[in-house]
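Read off the chains here:
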Amino acid sequence: MLPRDELLKGVENRDEIARVIDRAEQAIRTWEVVVTDFLSPPILAEIDRVFGRLTDITIQKWGGYPQAERQRIGIARVDIPFETTEIPVVAVDIAGNFLFDPANHRDFLGAMLGTGIVREKVGDIIVLGERGAQAIVVPELVDFLETSLVQVRSVPVKTRPIELTELKIRPPQKKEINTVEASLRLDAIASAGFGISRGKMAEAIESGDVRVNWKDVTQSSYNVKTGDLISFRGKGRLEVGEVSITKKERYRVQLTRFV
């Protein structure tokens with residue numbers, strides 16, 4: 001079977017990666033395609049690193065659309081080809097009038113978890129403003145959510161399945177930004193990249209809305225470096241490019257914003 005101890009050496013998300021190894025061993029043993037629940041970006045990144053050195057299995061990731069953050073993984077023996085279409089995910093529409101009681105990502109996720117389901121069964125949630133949201137889930141939850149998810153905040157909602165092609169996904173757009181800062185502090189760099197005040201960015205960092213390389217960072221003083229990916233909930237992502245020192249010993253930073 002797989003070299004479990006070697007694969008788990010140095011991993012941060014040990015329990016989650018161990019469960020994926022269990023699924024991989026099941027795929028090897030049964031000669032079938034085995035699928036995980038939805039996994040978060042930090043887990044997915046570690047899986048790429050851990051499983052990338054294995055030659056006897058293959059993995060495919062799918063979360064309903066190409067840019068999905070949370071994805072399920074299909075695992076099979078390397079000689080059993082399969083497509084992402086064999087990784088089952090479905091979309092649901094959560095419709096309501098949120099004009100007078102706006103709801104954010106946390107509100108929709110909280111309402112879904114409040115029905116008794118677990119986070120691992122839910123993929124991305126796409127907030128649509130005053131008309132509600134769309135969510136990607138495992139297929140076995142659809143009937144349950146249709147009858148159980150009837151309110152988000154104070155707003156009555158109707159939940160129904162939709163086709164993946166009906167997801168309101170905007171194609172990612174890139175914007176190149178150059179900034180000169182006194183330091184490489186997260187609040188300074190993210191403020192310049194996302195175009196909001198440093199004070200508001202510090203509040204967002206402290207409240208847990210900002211991650212670096214998919215890891216929670218709640219200290220504004222955290223220093224970023226070239227290659228770091230900063231994600232800001234609801235605002236997109238920011239990649240830190242080349243960093244150089246000016247004559248006045250300040251930092252000139254190239255940034256790419258994905259919105």
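- For the protein, the name recorded in an unreviewed UniProt entry is Photosystem II S4 domain protein, with Pannus brasiliensis CCIBt3594 as its organism.

### Digging into the UniProt feature "domain: RNA-binding S4" (unreviewed entry) in the protein
Line of reasoning, step 1. The UniProt record marks residues 184-246 with the feature "domain: RNA-binding S4" (unreviewed entry), using the residue numbering of this structure.
Line of reasoning, step 2. Measuring from the first to the last C-alpha atom of residues 184-246 gives 13 Å, for a span that is 29% helix and 30% strand.

### Here we look at unusual backbone geometry
Line of reasoning, step 1. One non-glycine residue with positive phi stands out, namely R153, at about 55°.
Line of reasoning, step 2. For R153, the location among the structural elements is in the loop between β7 (151-152) and β8 (155-156).
Line of reasoning, step 3. Assessed through its relative accessible area of 43%, R153 is described here as partly exposed.

### Some words on the packing of helix α2 (residues 14-30) against helix α3 (residues 41-51)
Line of reasoning, step 1. Two elements in contact, α2 and α3, have axes separated by 10 Å at closest approach and are oriented at 55°. The orientation of α2 relative to α3 falls into the category oblique. Crossing of α2 against α3: the hand is right-handed. Taken together, the residues of α3 that come into contact with α2 (itself represented by E16, I17, V20, I21 and A24) are I43, E46, I47, V50 and F51.
Line of reasoning, step 2. Looking at the contact of α2 with α3 residue by residue, the classes come out as eight nonpolar, no polar and two charged.

### A short note on the pattern of salt bridges
Line of reasoning, step 1. Counting across every chain of the model gives 15 salt bridges.
Line of reasoning, step 2. Salt-bridge contacts for R72 lead to D37; the nearest nitrogen and oxygen are separated by 4.0 Å. A residue pair is termed long-range when its members are at least 10 positions apart, and R72 in strand β3 (residues 72-77) and D37 in the loop between β1 (34-35) and α3 qualify at 35 residues.
Line of reasoning, step 3. D37 gets classed as partly exposed once you look at its relative accessible area, which sits at 26%.
Line of reasoning, step 4. The residue D93 makes a salt bridge to R131 at a minimum N-O spacing of 3.3 Å. With a gap of 38 residues between them, D93 in strand β4 (residues 90-95) and R131 in the loop between β5 (122-127) and β6 (132-137) connect regions that are remote in the sequence.
Line of reasoning, step 5. Using a relative accessible area of 4% as the deciding quantity, one classes D93 as buried.
Line of reasoning, step 6. A residue is classified by how much of its surface remains accessible, and R131, at 35% relative accessible area, is partly exposed.
Line of reasoning, step 7. Several salt bridges converge on common partners, so that one network encompasses D37, R72 and K121.

Cut-offs and rules
- Residues numbered from 1 in each chain as written.
- Predicted model: local features only at pLDDT ≥ 70, side-chain atom pairs only at ≥ 80, totals over all residues.
- Heavy atoms only, no water.
- UniProt positions renumbered as here; feature names shortened; annotations may be inferred.
- Helix = DSSP H or I, 4+ residues; strand = E, 2+ residues; numbered from the N terminus.
- Buried < 20%, exposed > 50% of the residue type's maximum accessible area, 1.4 Å probe, protein only.
- Axes fitted to C-alpha atoms, helices over the stretch in contact; angles between N-to-C directions.
- Parallel < 35°, antiparallel > 145°, perpendicular 65-115°, else oblique.
- Left-handed = near helix turned anticlockwise from the far one by under 90°.
- Contact = heavy atoms within 4.5 Å.
- Nonpolar A, V, L, I, M, F, W, Y, C, P; charged D, E, K, R; others polar.
- Salt bridge = Lys/Arg side-chain N within 4 Å of Asp/Glu carboxyl O.

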